[in-house]
Amino acid sequence: MGALDPRLLALMQCPRDGAPLSLADGRLTCSHGHVYPVVDGVPVMLVEERDQTIGVAAASLAAARSGEGGPLYLETLGLTDAERASVGAQWREDARVDAAIAHLVGATSGYGYRHLIGNLAAYPIPDIPVQRGAGGALLDIGCNWGRWSVSAARKGWRAIGIDPSLGAIMAARRAFGREGLNMAFVCGDARCLPFRDRSFDMVFSYSVIQHFSRADAAETVREIARALKPQGAAKIQMASAGGLRARHVMAQPDYAQAGVFRVRYYTDAQLRALFGAAFADVAIEPEAFGGLGLLSDDFAIVDARAKALIAASTIVRAAARIAAPLRALADSVYVRARKA
């Protein structure tokens, strides 16, 4: 786990100024003097002077600089005090399921996993909804503990996950490092990707950019377009304002005060404007009805309420292929964009 993958370094650049990076004494440095720590082979490319999209970013940067908190980096996981204590108490190096992932699963895989938090028997790895990779480079934005990165690597992609949580990335490496997957991770910020222009064939992101402010989302979309190769494609899951659940959530009096990481809902027109500013070819397809993160791959594991929602969502999505007006009721959509 310890060494920085030279193939990863070949794709990287300074997230502040785009300058090339060199590795020395366990740190990455650009020609303008910007320095980034490398923790057990993971580059930590967060830009401290920026307001962060999520609080764990500052904790990750502090842990990387101090060299303290490993191997779990509990303060960077975005869990409650009680959950962090539970992770520390349960963690064993030889455990079937990493304790950090067992506690992160509720936040990353949806409310249907609440009954399994701290008691996960196997890793829920869904089938990433992209074609097989044939060795092409795929960037997974907001990878957290790596479920989509793992799925992409198993599907033939050279997967690179980026996330501001150092602890979640380390959990991914512990859980899947022995599989020999073509996969690497960077602790960083989607708004200033530390990758060179035209580095990726595909960019994928699930339930991440919808949490950003409108300005941060626009900056991230521009960065995605910059990092894609010509004719490269992006597939981004976003929350739709047309869904019944979305309308209910937005009607709540405390919605606007729900915090910096609250879900932002978009109309189709807003999504076309957001992505159309950076891409020439944009299409929108319904992903789920009745809630966010309703994956049919999760059906056997989630609780009874989530099972019912997944079943209903699957039926309505099939009906929407015939009855086009139903598409407007989707609670989440995939935006597919191709670089000219």
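The sections below set out a description of the structure shown in this document. Worth saying up front: this structure is predicted, and the values here are computed from it rather than measured.

Conventions adopted
Residues numbered from 1 in each chain as written. Predicted model: local features only at pLDDT ≥ 70, side-chain atom pairs only at ≥ 80, totals over all residues. Heavy atoms only, no water. Pairing = 2+ DSSP bridges. Helix = DSSP H or I, 4+ residues; strand = E, 2+ residues; numbered from the N terminus. Axes fitted to C-alpha atoms, helices over the stretch in contact; angles between N-to-C directions. Contact = heavy atoms within 4.5 Å. Core = buried A, V, L, I, M, F, W, Y, C linked by side-chain atoms within 4.5 Å. Buried < 20%, exposed > 50% of the residue type's maximum accessible area, 1.4 Å probe, protein only. Lys, Arg positive; Asp, Glu negative; His and termini not counted. Salt bridge = Lys/Arg side-chain N within 4 Å of Asp/Glu carboxyl O. Polar contact = N/O pair within 3.5 Å; in protein donor to acceptor, adjacent residues only side chain to side chain.

**Quick notes on the sheet that holds strand 10 (residues 281-288)**
In spatial order, the strands read 7-6-5-8-9-11-10; together these seven strands make up an open sheet with mixed pairing. In the strand order of this sheet, the two ends are held by strand 7 (183-187) and strand 10, each with one partner. Along the sheet, successive strands turn relative to each other by an average axial angle of 15 degrees, direction set aside. Note that strand 5 (residues 137-141) and strand 6 (residues 158-163) share five bridges and pair parallel. Within strand 6, the position partnered with Ile-141 by the bridge is Ile-162. In this fold helix 6 (residues 166-176) packs onto strand 6 and strand 7, with an angle of close to 165 degrees to the strand it touches most, strand 7. The strands that helix 7 (residues 214-227) touches are strand 5, strand 8 (200-205) and strand 9 (228-239); relative to strand 9, the one it contacts most, it runs at about 150 degrees.

**Structural notes on the nonpolar core**
Counting 55 residues, the largest nonpolar core has Val-44, Leu-120, Leu-138, Leu-166 and Phe-204 as the members making the most contacts within it. Those elements that provide at least two residues to this core are helix 2 (56-66), helix 4 (99-109), helix 5 (147-154), helix 6, strand 7, strand 8 and helix 10 (304-320). Per-element tally for this core: the top contributor is helix 6, with seven residues. Setting aside its immediate chain neighbours within four residues, Val-44 contacts Tyr-36, Pro-37, Val-39, Leu-61, Ala-64, Leu-166 and Cys-187. In this structure, Ile-162, Phe-195, Met-238 and Ala-320 belong to the second largest nonpolar core, which totals 49 residues.

**Regarding the side chain of Ser-165**
Looking at where Ser-165 falls in the secondary structure, it is placed in the loop between strand 6 and helix 6. Of the residues examined, Ser-165 reaches a relative accessible area of 2% and is grouped as buried. If we skip the residues at most four places from it in the chain, Ser-165 touches Val-56, Ser-60, Thr-76, Leu-77 and Cys-187.

**Here we look at the side chain of Asp-140**
Along the chain, the position of Asp-140 falls in strand 5. In this structure Asp-140 is buried but unpaired, with Arg-147 as the nearest side chain of opposite charge at 7.7 Å. Side chain to side chain, Asp-140 and Ser-149 meet in a polar contact 2.8 Å long. Those residues within four positions of Asp-140 in sequence are excluded, and the remaining contacts are Trp-148, Ser-149, Ile-160, Gly-161, Ile-162 and Phe-204.

**Observations regarding the pattern of salt bridges**
Applying the stated criterion across every chain yields a total of 17 salt bridges. Where Glu-219 meets Arg-50, a salt bridge forms, and the shortest distance between an N and an O atom there is 2.9 Å. One end of the pair, Glu-219, is in helix 7; the other, Arg-50, is in the loop between strand 4 (42-43) and helix 2, with 169 residues separating them in the sequence.

**A word on unusual backbone geometry**
A cis geometry characterises the amide bond from Gly-70 onward to Pro-71, with omega recorded as 0 degrees. As for its placement among the helices and strands, Pro-71 is situated in the loop between helix 2 and helix 3 (81-90). The phi dihedral of Asp-25 falls on the positive side, at around 55 degrees, and the residue is not glycine. With respect to the helices and strands, the residue Asp-25 is situated in the loop between strand 1 (21-24) and strand 2 (27-30). For Ser-207, which is not a glycine, the phi torsion comes out positive at approximately 55 degrees. Position of Ser-207 relative to the elements: it lies in the loop between strand 8 and helix 7.

**Structural notes on the sheet that holds strand 2**
Strand order across the open sheet formed by four strands is 1-2-3-4, with antiparallel pairing between neighbours. Strand pairing shows two members of the sheet lacking a second neighbour, strand 1 and strand 4, which therefore form its edges. Sheet topology note: the strand 3 (residues 35-39)/strand 4 ladder contains two bridges and is antiparallel. Bridge pairing in strand 4 links Val-39 to Val-42.

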